[in-house]
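Breakdown of the fold
One letter stands for each residue in the lines below.
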Amino acid sequence: MGRYLSKKILVYLGTFVIAVTINFIIPRLMPGNPIQILLSRFSGMEGGREIIERQLTLLFNLDEPLIVQYFNFWRSVVTGDFGISIMQFPTPVLDIIKRAIIFDLVLLVPAIILGWIVGNKLGAFSGVNKRADNVLMPVFYFLTSSPYFWLAGVVAFFLGVVLDWFPISGAYGVTMVPAFTWKFILDYLKHWVLPFLSIFLVDLGGWAIGMRNMIIYERNANYAKYMEALGASDKLIRNYGFRNGILPQVTGLALRLANIIGGAIAVETVFNYPGLGRIMLNAVLNQDYFLLQGLFLAIVTMTLAANFLVDIVYMFIDPRVRISFSGEV
Amino acid sequence: MKNCLRLLLALSLIFFLSLASWGQEFDRRETLVVTGAAWGPPSSWNVLIPNPQMGTGGLVYETLFSYNPLTNEYRPWLAESGQWVSDNEYLVKLRKGIKWSDGVDFTAEDLVFTYELAKNNELPYSPIWKWMRAVVAEDAYTVRFYFREPHYAEWDRELYQRYIIPKHIWSQIPADELLTRANRNPVGTGPYLYHTATQDRMIWVRNDNWWGNEVFGTPKPKYIVDLVNVSNNITLGMLLKGEIDLSNNFIPGIDKVKQAMDLQTWFENEPYMLSWNTAKVYMNTLRKPMDDPKFRRALAFAINQQTIVEKAYGGIVKPANPTGLFGEGWLKYLDEKVVDEYGFYYDPAKARALLDEAGYIDRDGDGWRDQPNGDPIKLEIIVPSGWTDWMEATRCISNDAQAVGINLVPAYLDAALYDNNRFNRNFDMLIGNQQSTLSSSPYTYWNGVINHDIHGKSVTNGNWGCYDNPEVFRLIAEFNITKDENEKMRIASEIQKILLIDMPVIPLWHNGLWAQYTNLNWTNWPSEKNPYGIPVTWGNTYQLGMIDMLINLEPVN
């Protein structure tokens, strides 16, 4: 157990260092610089532009050699102070992330977890029921192969525009101010449904297909045949199959968590949802180094933490992993 | 499953609790919802930086004068009056009885402080001290400006662009925080106050103690909600549903939507929108053959402005005057005679003749014209990728150029790369509309488009193509420091003539003040037939007629 954990932690630390370094380098390889972009539309008194450019460059330490900037960056990783955003000057990066991450958590965590649970259940059902399978399989394939932005568009069009059931933009209405009132909560939930559905549906399809195939495979395994021969009930066999089939799905979930932000960028852009995904897109477009660094670090941390959690969960649901590392055999 | 639900509940509880400290819903009947100005969340209300939250200047901080671009008239705002009392002294009398929103009296001290601050610190308007000598408060409501070398044209703009800040607050701010202070909850003299700012919106609330209530009238909307820009289709959808009242977004195809839906624009028919800046083709005069005025002028004759107006814009913009000038303040100096004599117009035959004459003929038989020395011509015209109207315009331009035998192709670059190339002379041609925004004096146009500052490491002041003509630079500077109107006219004609002959840029069309509004919640919008104000929410524009609009809007019952 200890060996298992310490090995994992080492791997995660290495990944972290590499990811952070890449994140430092990539934005700086882009042509241009963020101050120029910020001031590209400057119109004011002649000579004013130079003044403000000089001041901002000094303020952001962009005149220092890259290696110094890199070490500064590591200091900020350790202290958690990522400086101020260029795009949303002068808001601290941490504030921006804190404000946005709440919207992400409430949207993505339910969408991913419910997608996983419902997908697996439906997949298992489809795996044992031929007739249902014929109908469900094409649907699953359709869902899982839909790009997020496309499905979001479809959902927005039918449920938002044609049926007009749900609003298609923002996290709450235009005359609302966030408050702990029923009115606001209802309004918030109404805005939450469509982005949630977009992520939930796409995810669901993938999980269902995986589970269905696993169940069919498990049902043909020797132990299942043997149980059948012993006269065990269909349900019992299915439950055993499910326990085995869920293992690769848990690994899949860990991998999926790494892609959270990709999906979130598309969906949040379509629905104009004020989460990290949309902020990330804007940060890239504006070459906001500091915001990008902060965002990326938040994402890397979340992904690694989620994976680590899954690794631990794995120890509990798969006795083989536990045993192989603790030397119980 | 149960655990998951519990987790969910806990999370949502945390979420709502974190927001629970404040909140209310506004009555739609007294709320004006606008969009089209902000591209990112509200983050700064500091008017000392060039791009604070839109409305900070105008709604909160005010200027000495307001300027009406429709009539080219100045109206005393914080000032009661202001005039040149000698060649280098400008005297301002301030209105009495104006208070800052925290209750402190607004006096001459504040005006003096606003300028002194730029003298003692590095601020975007510090360069004014190169030509200003002193600002002196003669009594609580009288200020005299002394100039070393008065830049009359720049001063005209200064009068309606410089937001006056309160001394009693800003004198407390340490020098190194002048630009970095977010200044949330700004204290100003204006008709609105900061209410709330969230990720996707800025909310202003009416200042019921505004001094202007008695002078100009009370703005009707109690709240102004300014939404951060979203995609065009969402904006349009919200506009049609009445969720947004005024949109200052560029929405392609608005001409068709307008007919189908109940939307209002400034003009009932084409061009629908007021003109706001000039889109031009910049040519890199450091590269061949764009270094040759004859080539540049020939190209101008080859381009059909009308195709761009119709194909790229569906008629919502106006073809540009060959001088690039528009708007009352600039057209005052337009010399029709010069335009008649030297102006360009669409005439491919003439373009071909000019090119032939200058020696640009096809020498190697590949169908494209070559340079007089035989080198082939292969040019690119760049615009930011995703700017669909400009992309379409470059296709029109390259078609027209190819029709007369010039091998010109469009290229679409990432916006950051476009900016980078623009600043670093790294292009053949590009479309740009920088430094040509509507103002009170054509000086801003000339000084921006043909700026003299072209020999530095990068070009950042507007003359992207590095057109180098000391004679014009001198004339532009002279226009700035000339007071006599006849003399100004003469200089202006001279500048226009040189630019039409040399063609450093080709003015093609006037981008509009994009504005579409609905009558679902508010009526009596300003328009061509009722031009009492201007529906514009962009940065630093509220004093151009937006406040008048707020005062004259009428709620729908």
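Conventions and cut-offs
Residues take numbers from 1 onward in each chain, read along the sequence in its written order. Chains and ligands are labelled sequentially in the order written, the chains with letters from A and the ligands with numbers from 1. Side-chain atom pairs in this predicted model are given and counted only at pLDDT of 80 or more, local residue features only at pLDDT of at least 70, and totals for whole chains, interfaces and linings cover all residues. Only runs of H or I of at least four residues qualify as helices and only runs of E of at least two qualify as strands under DSSP, and these elements are numbered from the N terminus. Only C-alpha atoms enter the radius of gyration; for comparison, a globular chain is expected to reach 2.2 Å times N to the power 0.38, where N is the number of residues. For the exposure call, what matters is how many other C-beta atoms sit within 10 Å of a residue's own: 20 or more marks it buried, 12 or fewer exposed, and in between partly exposed, using C-beta atoms placed from the backbone. Here, any two strands with at least 2 DSSP bridges between them count as paired. Only the stretch in contact is used when fitting a helix axis, every axis being a line fitted to C-alpha atoms; angles between N-to-C directions are given from 0 to 180 degrees. Each helix should span, by expectation, one fewer than its residue count multiplied by 1.5 Å. Throughout, bend refers to the angle between the axes fitted to the seven residues that end at a position and the seven residues that start at it. Whether two residues are in contact is decided by their C-beta atoms, placed from the backbone, lying within 7 Å. If an angle is under 35 degrees, it is roughly parallel; if it is over 145, roughly antiparallel; if it lies from 65 to 115, roughly perpendicular; otherwise it is oblique. In this scheme, a crossing is called left-handed if the near helix is turned counterclockwise away from the far one by less than a right angle; it is called right-handed if the turn is clockwise. For this analysis, nonpolar core means a set of buried Ala, Val, Leu, Ile, Met, Phe, Trp, Tyr and Cys residues linked through C-beta atoms within 7 Å. As a working rule, the residues Ala, Val, Leu, Ile, Met, Phe, Trp, Tyr, Cys and Pro are called nonpolar, Asp, Glu, Lys and Arg charged, and the rest polar, with Gly in that last group. Across the chain, each position has a pLDDT score giving the predictor's confidence in that residue, from 0 to 100. This arc is built from the directions going out from the helix axis to the C-beta atoms.

**Description of the overall build of chain B**
In terms of helices and strands, chain B carries 19 helices and 21 strands. Taking 557 residues into account, the globule formula puts the C-alpha radius of gyration at 24 Å, and chain B, at 26 Å, falls close to it. If one aligns the C-alpha atoms of chain B with their principal axes, the spans along those axes are about 75 × 75 × 45 Å. The buried share of chain B, taken over its 557 residues, is 50%.

**What to know about the overall build of chain A**
Summing up its helical and strand segments, chain A has 14 helices and zero strands in all. Of the regular secondary structure in chain A, the N- to C-terminal order runs α-α-α-α-α-α-α-α-α-α-α-α-α-α. Principal-axis analysis of the C-alpha atoms places the extent of chain A at approximately 90 × 55 × 40 Å. A total of 329 residues make up chain A; the buried ones form 41% of that total.

**Description of the sheet that holds strand S7 (residues 142-147) of chain B**
All names here are of chain B. Pairing within the open sheet is antiparallel, and its four strands lie in the order S4-S5-S7-S6. If you trace the sheet from one side to the other, it starts and ends with strand S4 (79-86) and strand S6 (132-139), each paired once. When the angles between neighbouring strand axes are averaged without regard to direction, this sheet yields 20°. In terms of strand pairing, S6 meets S7 through six bridges, oriented antiparallel. Paired with Asp139 across the two strands is Thr142, which belongs to S7.

**Digging into helix H7 (residues 148-162) of chain A**
Residue and element names in this part refer to chain A. A rise of 1.5 Å per residue sets the reference length of H7, with its 15 residues, at 21 Å; its end C-alpha atoms lie 20 Å apart and thus fit the reference within 8%. Helix geometry: H7 is bent most strongly at Ala156, by close to 25°. One or two positions beyond H7, positive phi appears at Asp164, with a value near 55°.

**Remarks on unusual backbone geometry**
The omega torsion of the bond from Glu270 of chain B to Pro271 of chain B falls at 5°, within 30 degrees of zero and hence cis. Note the cis peptide between Lys288 of chain B and Pro289 of chain B, where omega equals -5°. Mapped onto the fold, Pro289 of chain B is located in the loop between strand S13 (274-283) and helix H9 (293-302). At Gln287 of chain A, a position not held by glycine, the phi torsion is positive, near 50°. Position of Gln287 of chain A among the secondary structure elements: in the loop between helix H12 (276-285) and helix H13 (289-317). Even without being glycine, Asn540 of chain B reaches a positive phi, approximately 55°.

**Side note on the environment of Pro52 of chain B**
Relative to the assigned elements, Pro52 of chain B resides in the loop between strand S1 (31-35) and helix H2 (56-60). Placed 10 residues apart in sequence, Pro52 of chain B and Pro42 of chain B show a C-alpha to C-alpha distance of 8.2 Å.

**Focus on the sheet that holds strand S11 (residues 246-247) of chain B**
Residue and element names in this part refer to chain B. Strands sit in the order S8-S9-S10-S1-S11-S19-S12 across an open sheet of seven strands; the sheet is mixed. The outermost strands of the open sheet, each flanked by one partner alone, are strand S8 (192-198) and strand S12 (263-264). Of the strand pairs in this sheet, S12 and strand S19 (residues 516-518) are connected by two bridges, and their pairing is antiparallel. Pairing of Gln264 across the sheet is with Tyr517, part of S19.

**What about the pairing of S7 of chain B?**
Residue and element names in this part refer to chain B. Only one face of S7 is covered, namely the one carrying Val143, Phe145 and Phe147; the face carrying Thr142, Arg144 and Tyr146 has none of its residues buried. Examined bridge by bridge, strand S5 (residues 89-94) and S7 share five bridges and lie antiparallel to one another. Its bridge partner lying in S7, Leu91 is registered against Arg144. Once S6 ends, the chain turns through two residues before running back antiparallel as S7.

**Topic: the interface of chain A and chain B**
Each partner contributes residues to the interface: chain A has 53 residues there, and chain B has 56 residues. Going through the elements one at a time, helix H2 (34-38), helix H3 (48-59), helix H5 (93-128), helix H8 (182-219) and H12 of chain A are the ones with two or more residues in the side of chain A that touches chain B. Looking at which element gives the most residues to the side of chain A that touches chain B, the answer is H5 of chain A, with nine residues.

**Section: the environment of His455 of chain B**
Here His455 of chain B shows up in the loop between helix H16 (442-449) and helix H17 (470-480). As a C-alpha pair, His455 of chain B and Cys466 of chain B span 11 residues in sequence and 8.2 Å in three-dimensional space.

**So, the packing of H7 of chain A against H8 of chain A**
Relative orientation and spacing of two packed helices are given, respectively, by the angle between their axes and the distance between those axes. Residue and element names in this part refer to chain A. Viewed as axis vectors pointing N to C, H7 and H8 meet at an angle of 130°, and their least axial separation amounts to 9 Å. It follows from the interaxial angle that H7 and H8 lie oblique. Crossing geometry of H7 relative to H8 is assigned as right-handed. Taken together, the residues of H8 that come into contact with H7 (itself represented by Tyr148, Leu151, Ala152, Val155, Ala156, Leu159 and Gly160) are Leu194, Leu197, Ser198, Ile199, Leu201 and Val202.

**A short note on the environment of Leu355 of chain B**
Residue and element names in this part refer to chain B. On the secondary structure map, Leu355 appears in helix H13 (residues 348-357). The spatial distance from the C-alpha of Leu355 to the C-alpha of Gly405 is 9.3 Å, given a sequence separation of 50 residues. Once residues lying within four places of it in the same chain are set aside, the contact partners of Leu355 are Ala298, Tyr360, Arg369 and Val404.

**Quick notes on the nonpolar core**
In terms of nonpolar packing, the biggest core is built from 230 residues, with Ala152, Val267 and Leu295 of chain A together with Val281, Leu299 and Leu430 of chain B touching the most fellow members. The element that contributes the greatest number of residues to this core is H8 of chain A, accounting for 16 residues. Not counting residues up to four positions away in its chain, the partners in contact with Val267 of chain A are Tyr148, Ala152, Pro195, Ser198, Ile199 and Tyr273 of chain A.

**Notes on the packing of H17 of chain B against helix H18 (residues 485-502) of chain B**
All names here are of chain B. For the pair H17 and H18, interaxial distance at closest approach is 10 Å and the crossing angle is 150°. Judged by the inter-axis angle, H17 sits roughly antiparallel to H18. Helix-helix and strand crossings are classified by hand; for H17 and H18 the assignment is left-handed. For the pair H17 and H18, contact is made by Glu471, Val472, Leu475, Ile476, Glu478 and Phe479 and by Lys488, Ile491, Ala492, Glu494, Ile495 and Ile498, respectively. Split into classes, the residues belonging to the contact of H17 with H18 amount to eight nonpolar, no polar and four charged.

**Describing the confidence of the model for chain A**
Averaged over all residues, the pLDDT of chain A equals 84, while 96% of them reach at least 70. Averaged over each element, pLDDT in chain A is lowest for helix H14 (residues 319-326) of chain A (71) and highest for helix H6 (residues 130-145) of chain A (90).

**Quick notes on the confidence of the model for chain B**
For chain B, per-residue confidence averages 92 on the pLDDT scale, and 96% of positions sit at 70 or higher. Quick note on the complex model: pTM equals 0.84, ipTM equals 0.74.

**So, H18 of chain B**
One turn of the α-helix equals 3.6 residues, which is why residues spaced by three or four share an orientation. Residue and element names in this part refer to chain B. For H18, with 18 residues, the first-to-last C-alpha span of 26 Å sits near the 26 Å given by 1.5 Å per residue. Among the residues of H18, Lys488, Ile491, Ala492, Ile495, Gln496, Leu499 and Leu500 are the ones counted as buried. Taken around the axis of H18, the buried residues stretch over an arc of 165°, which confines them to a single face. For H18, the exposed residues set more than 90 degrees away from the buried face come down to Asn486 and Glu487. Against helix H12 (336-342), H16 and H17 lie the buried residues of H18. Phi for Met503, located one or two positions after H18, is positive at around 45°.

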